[in-house]
Amino acid sequence: ASTGFDLSTVSYDSVVYNGRERNGIIGRVEDVSIGREGSSLFVLERDSSFQNGQRVSEMPLGTDYDISTRQQVSASKEFVTNNVNPEYIEFTNGGKRMYVLNDNDRDIEEFELSTPWDVTTISRVGRSRPSSDRDTSDLHFGDQGKRVYITRRGDDRVDEYYLNEPYQLSNFGSDFVNTINTD
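Right, let's talk about the overall build of the protein chain for a bit. Helices and strands together make up the secondary structure of the protein chain, namely zero helices and twelve strands. The helix and strand sequence of the protein chain, counted from the amino end, reads β-β-β-β-β-β-β-β-β-β-β-β. Within the protein chain, the proportion of its 183 residues that are buried is 41%. Within the protein chain, contacts between residues at least 6 apart in sequence are counted, and of these 39% link residues at least 24 apart.

Take the packing of aromatic side chains next. Inspection of every chain in the model, using the stated rule, returns five aromatic pairs. Their ring planes at 45° and their centres at 4.6 Å tell us that Phe42 and Phe91 sit as a pair that is tilted. A residue pair is termed long-range when its members are at least 10 positions apart, and Phe42 in strand 2 (residues 40–46) and Phe91 in strand 5 (residues 86–92) qualify at 49 residues. Both residues of the pair, Phe42 and Phe91, belong to the buried class. Ring centres 5.5 Å apart and planes at 40° place the aromatic pair Phe91 and Trp117 in the tilted group. Of this pair, Phe91 sits in strand 5 while Trp117 sits in the loop between strand 7 (108–113) and strand 8 (122–128), and the two are 26 residues apart along the sequence. We classify Trp117 as buried; its relative accessible area is 17%. Through a chain of ring-to-ring contacts, three or more aromatic side chains come together here, namely Phe42, Phe91 and Trp117.

Now for the sheet that holds strand 2. In space, the four strands of this open sheet follow the order 1-2-3-4, with antiparallel pairing throughout. Edge positions in the sheet fall to strand 1 (28–35) and strand 4 (75–78), since each has one partner strand and no second. Going from strand to strand, the sheet's axes swing by 20° on average, the running direction of each strand aside.

The next point concerns the side chain of Glu45. Along the chain, Glu45 falls in strand 2. Among the residues examined, Glu45 registers a relative accessible area of 0% and is labelled buried. Of note is the side chain of Glu45, whose polar atom sits 2.6 Å from the side chain of Arg55. A polar contact of 2.7 Å, which involves the side chain of Glu45, links it to the side chain of Ser57.

In this section: the pattern of salt bridges. Scanning the model with the defined rule gives seven salt bridges in all. Salt-bridge contacts for Glu112 lead to Arg97; the nearest nitrogen and oxygen are separated by 3.9 Å. Of this pair, Glu112 sits in strand 7 while Arg97 sits in strand 6 (residues 97–102), placing them 15 residues apart in sequence. Notably, a salt bridge pairs Arg124 with Glu109, separated by 2.8 Å at the nearest N-O pair. With Arg124 in strand 8 and Glu109 in strand 7, this residue pair connects regions lying 15 residues apart in the sequence.

The next point concerns the side chain of Arg55. Turning to its location among the elements, Arg55 is positioned in strand 3 (residues 54–60). Here Arg55 falls in the buried class, since its relative accessible area comes to 10%. One polar contact links Arg55 to Ser57, side chain to side chain, over a distance of 3.2 Å.

What follows concerns the sheet that holds strand 6. Spatially, four strands are ordered 5-6-7-8 in an open sheet, and the strand pairing comes out antiparallel. In this open sheet, the two strands that pair with only one neighbour each are strand 5 and strand 8. Averaged over all adjacent pairs, the angle separating strand axes in this sheet is 25°, with direction ignored. Relative to strand 8, strand 7 runs antiparallel, the two being bridged by six bridges. Bridge pairing in strand 8 links Glu110 to Gly126.

Rules of the game
Residues numbered from 1 in each chain as written. Predicted model: local features only at pLDDT ≥ 70, side-chain atom pairs only at ≥ 80, totals over all residues. Heavy atoms only, no water. Helix = DSSP H or I, 4+ residues; strand = E, 2+ residues; numbered from the N terminus. Buried < 20%, exposed > 50% of the residue type's maximum accessible area, 1.4 Å probe, protein only. Contact = heavy atoms within 4.5 Å. Phe/Tyr/Trp six-rings, centres within 6.5 Å; stacked < 30°, edge-to-face > 60°. Pairing = 2+ DSSP bridges. Axes fitted to C-alpha atoms, helices over the stretch in contact; angles between N-to-C directions. Polar contact = N/O pair within 3.5 Å; in protein donor to acceptor, adjacent residues only side chain to side chain. Salt bridge = Lys/Arg side-chain N within 4 Å of Asp/Glu carboxyl O.

Following this line, the structure appears as structure tokens:
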């Protein structure tokens, strides 16, 4: 976008990341996240050849936010979730936390990175389940990690939850705040 955050000024620059080009990626690409203030692309992969079925890999970017300048995978880590179909990844809190949503499940897996942005240092914190009766499909944090917004598969709604501790989902199921209908 020629004007930051203004979608009416977006132009397509024909840069495509094709997972078959690999650069060290060997699994099926499920999701990506930009981190380290734009200098890295994190790739969530799934493949039966991985011991645990999934991994997260970091690809440094030569130019911030420009995936055409991606380099070989610099770090990767296979990890365990309670579901074998990860489909969404989110990093927050300066790269100290990673969240993974699973296909066909309402649970959100939470991981801690002992060294911010270093995926080789992830350890599982636990899993949380929003109070909604639908599978989660996306989440975003706001208000400096004190609120989380969750969309649900097959629904035209956004649920908002208040978090007692920023970026910590361990108790958010009971702190439902609001639902916005988008239809």
